[in-house]
Amino acid sequence: LNAVAPVLLTGALAQLLAAKPSDRPRIVANLSARVGSVGDNRLGGWWGYRMSKAALNMATRNMAIELKRKRVLAVALHPGTTATALSAPFQKGVRPEKLFTPEFSVECMLKIIESLEDEHSGHLYAWDGELIPF
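Below: a short report on this structure.

## A closer look at the layout of surface pockets
Argument step 1. If you add up the space inside the largest pocket, you get close to 930 Å³.
Argument step 2. Lining the largest pocket are 33 residues, with Arg34, Val35, His78, Gly80 and Thr81 positioned closest to its centre.
Argument step 3. Among the elements of the structure, helix 2 (47-67), strand 3 (81-82) and helix 3 (102-115) are those that each provide at least two residues to the lining of the largest pocket.
Argument step 4. Top contributing element to the lining of the largest pocket by residue count: helix 3, with four residues.
Argument step 5. Considering only residue class, the lining of the largest pocket consists of 16 nonpolar, nine polar and eight charged.

Next up, the structure:
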């Protein structure tokens, strides 16, 4: 689901994304996670989740290459540790200032999306704009 759904959705919307010329590029922003970074994996664990997010990161890179021809950017975004049901089991180990509300995470990711330029396409960014290696 983490990788397949965004790929299918982007494929279904590709024609619409490229339909009208625009001064501003269209953007595909995939919700990824730092744990999907092969280069940043220092803890292991969460095999299935990590692999699905790594697959999404690869799909994002492919989207960026292929959609560039249509002036569509594609990025993967890590929202930070967000207070949701998914993070509930391990929130105790997260410093309070690093546990974000969903609203804060969305606000941060929207700022990144609004500032994207062509050279940012095909990369993974953290909630604070940090470039995370794939």
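Now that the structure has been shown, we can carry on.
## Side note on the packing of helix 1 (residues 4-17) against helix 2
Argument step 1. Contact geometry of helix 1 with helix 2 gives a least axis separation of 10 Å together with a crossing angle of 15°. As far as their axial angle goes, helix 2 and helix 1 are roughly parallel. Of the two possible hands of crossing, helix 1 and helix 2 adopt the one that is right-handed. Contacts between helix 1 and helix 2 involve Pro6, Val7, Thr10 and Ala14 from the first element and Leu56, Ala59, Met63 and Leu67 from the second.
Argument step 2. In the contact of helix 1 with helix 2, the residues fall into seven nonpolar, one polar and no charged.

Criteria and thresholds
Residues numbered from 1 in each chain as written. Predicted model: local features only at pLDDT ≥ 70, side-chain atom pairs only at ≥ 80, totals over all residues. Heavy atoms only, no water. 1 Å grid on protein atoms, 1.4 Å probe; cavity = no way out; pocket = protein on both sides within 12 Å on 5 of 7 lines; lining within 4 Å. Points joined across faces, edges and corners; volume = space filled by probe spheres on them. Helix = DSSP H or I, 4+ residues; strand = E, 2+ residues; numbered from the N terminus. Nonpolar A, V, L, I, M, F, W, Y, C, P; charged D, E, K, R; others polar. Axes fitted to C-alpha atoms, helices over the stretch in contact; angles between N-to-C directions. Parallel < 35°, antiparallel > 145°, perpendicular 65-115°, else oblique. Left-handed = near helix turned anticlockwise from the far one by under 90°. Contact = heavy atoms within 4.5 Å.

These figures capture arrangement, not role.
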